[in-house]
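Understanding the architecture of this molecule
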Amino acid sequence: MRSISSYLRIAGFVFLAFLLMQLSIETDTEWVFQQYPFVWFVLGLILIIAIAIEASLAALKNMVQNSLDEKGRAKFSELENSKYEKRKAWLRRIYDKMLTKKPLEKEDEIILDHNYDGIRELDNDLPAWWLYGFYISIIFAVIYMARYHVFDGADQSEEYLAEVAKAKEEVEAYKKENPDLLDASTVEMLTDASDLEAGETIYMANCIACHRADGGGSIGPNLTDEHWILGGGISNIFHTISEGGRDGKGMVAWKTSLSSEEIAQVSSYVMSLEGTNPSDAKAPEGDVWTEDSE
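Cut-offs used in this document
- Residues numbered from 1 in each chain as written.
- Predicted model: local features only at pLDDT ≥ 70, side-chain atom pairs only at ≥ 80, totals over all residues.
- Heavy atoms only, no water.
- Pairing = 2+ DSSP bridges.
- Helix = DSSP H or I, 4+ residues; strand = E, 2+ residues; numbered from the N terminus.
- Patch = residues over 30% accessible without salt bridge, like charges linked within 9 Å, V, L, I, M, F, W, Y side chains within 5 Å.
- Areas by Shrake-Rupley, 256 points an atom, 1.4 Å probe, with all protein chains shown as cover.
- Salt bridge = Lys/Arg side-chain N within 4 Å of Asp/Glu carboxyl O.
- Buried < 20%, exposed > 50% of the residue type's maximum accessible area, 1.4 Å probe, protein only.
- Axes fitted to C-alpha atoms, helices over the stretch in contact; angles between N-to-C directions.
- Parallel < 35°, antiparallel > 145°, perpendicular 65-115°, else oblique.
- Contact = heavy atoms within 4.5 Å.
- Nonpolar A, V, L, I, M, F, W, Y, C, P; charged D, E, K, R; others polar.
- Core = buried A, V, L, I, M, F, W, Y, C linked by side-chain atoms within 4.5 Å.
- Lys, Arg positive; Asp, Glu negative; His and termini not counted.
- Charge placed at Lys NZ, Arg CZ, Asp CG, Glu CD.

1. Notes on the pairing of strand 2 (residues 119-122)
Both strand 1 (residues 111-116) and strand 2 contribute to a ladder of 3 bridges, which runs antiparallel. Counterpart to Tyr-116 in the pairing with strand 2 is Ile-119. Between strand 1 and strand 2, which pair antiparallel in sequence order, lie 2 residues; one of them, Asp-117, sits at a positive phi of approximately 55 degrees.

2. Observations regarding a nonpolar patch on the surface
A contiguous nonpolar patch, built from Leu-126, Trp-129, Trp-130, Tyr-132, Phe-134, Tyr-135, Ile-136, Ile-138 and Val-142 and spanning about 920 Å² of accessible area, is present on the exposed surface. Relative to the helices and strands, Trp-129 is located in helix 5 (residues 128-150).

3. So, the pattern of salt bridges
Within the structure shown, the criterion is met by 3 salt bridges. Between Arg-212 and Asp-214 there is a salt bridge, with the nearest N and O atoms lying 2.9 Å from each other. One salt bridge connects Lys-255 with Glu-243, and the closest N-O pair in it is separated by 2.8 Å. Remark: Glu-243 occurs in helix 9 (residues 233-243) and Lys-255 occurs in the loop between helix 9 and helix 10 (260-272); sequence separation between them is 12 residues. Accessibility expressed as a relative area gives 46% for Lys-255, which makes it partly exposed. For Glu-243, a relative accessible area of 38% translates into the label partly exposed.

4. Considerations on the packing of helix 4 (residues 70-99) against helix 5
Geometrically, a packed helix pair is captured by the angle between its two axes and the distance between the axes. Contact pair helix 4 / helix 5: the axes reach a minimum separation of 5 Å and the direction vectors enclose 65 degrees. The angle between helix 4 and helix 5 falls in the class roughly perpendicular. Residue-level inspection shows Lys-97, Met-98 and Leu-99 of helix 4 in contact with helix 5, the latter providing Ala-128, Trp-129 and Tyr-132. Residue composition of the contact of helix 4 with helix 5, by class: 5 nonpolar, no polar and 1 charged.

5. Here we look at the nonpolar core
Nonpolar side chains tend toward joint burial in soluble globular proteins. Ranked by size, the top nonpolar core spans 21 residues in total, and within it Tyr-203, Trp-228, Ile-241, Ala-264, Val-266 and Val-270 carry the most contacts. Listed by contribution, the elements that provide at least two residues to this core are helix 7 (193-206), helix 9 and helix 10. Of all the elements, helix 10 adds the most residues to this core, at 5 residues. Discounting chain neighbours no more than four positions away, the residues touching Trp-228 are Leu-223, Ile-237, Val-270, Glu-285, Gly-286, Asp-287 and Trp-289.

6. What about the environment of Arg-246?
Turning to its location among the elements, Arg-246 is positioned in the loop between helix 9 and helix 10. Among the residues examined, Arg-246 registers a relative accessible area of 48% and is labelled partly exposed. For Arg-246, the residues in contact, after removing those within four places along its chain, are Ile-229 and Leu-230.

7. Examining a negative patch on the surface
A cluster of acidic residues, Asp-152, Asp-155, Glu-158, Glu-159, Glu-163, Glu-169 and Glu-170, forms a negative patch on the protein surface. With respect to the helices and strands, Glu-170 occurs in helix 6 (residues 156-177).

Written out as structure tokens, the structure reads:
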């Protein structure tokens, strides 16, 4: 029963170690609980059983000790102390083995002939823990070389780029799920045909009176050239449509009529008009805008 309890105790420690490791890692990936629910259920069950057995053994030991007379209790305590000393001696042997210690009485066996002013040199072996660490590092180096230099495994740069690409996809998905959170600082150019079609529909319903259907400009400026009065680029265009023109002059603020998603769609559509060069387009107004002008 005691050996079974020991194994269950080890399994419980493994469960707790994995749990603490999971809690200590900040990650956006799915929790291990969700990935392998059955494994965690089994480990949790083993932990509960281990705790129950440990509690039962402790209660049984206490009951047996209380049922004994004074002499029996002394004998029982002696047995328990003997077990404790054996466990402590086993740990001491492991400790001494890992240090590869030579008993003091056998020191003469490893004394070298070197003698400097009475200072003698001992030919001690390297500690076992150091050798084991060295061997493990060799095995790790072989595996690492095979993984990354023989079989062309993904290095840190590739892993980083993959994580960045994944993060961008997650950001895009989050923006689509929460369109009202968009603003001029977070908006990005939309390239999906569905978004551009939606932007065109919004443009045709609200913007052609001032900018013409082809974007050539009438009351409002030409949207097809490189000149911009309030700045080009998706962020500036989004801000201009959302907040309106200069100090209440010109275009009204559309943020009261259009959602953030709709403003992003029409802003992307306006950007797609650049370079279309419609006939009879209005003369350029404002300054030439490039990415470096931001």
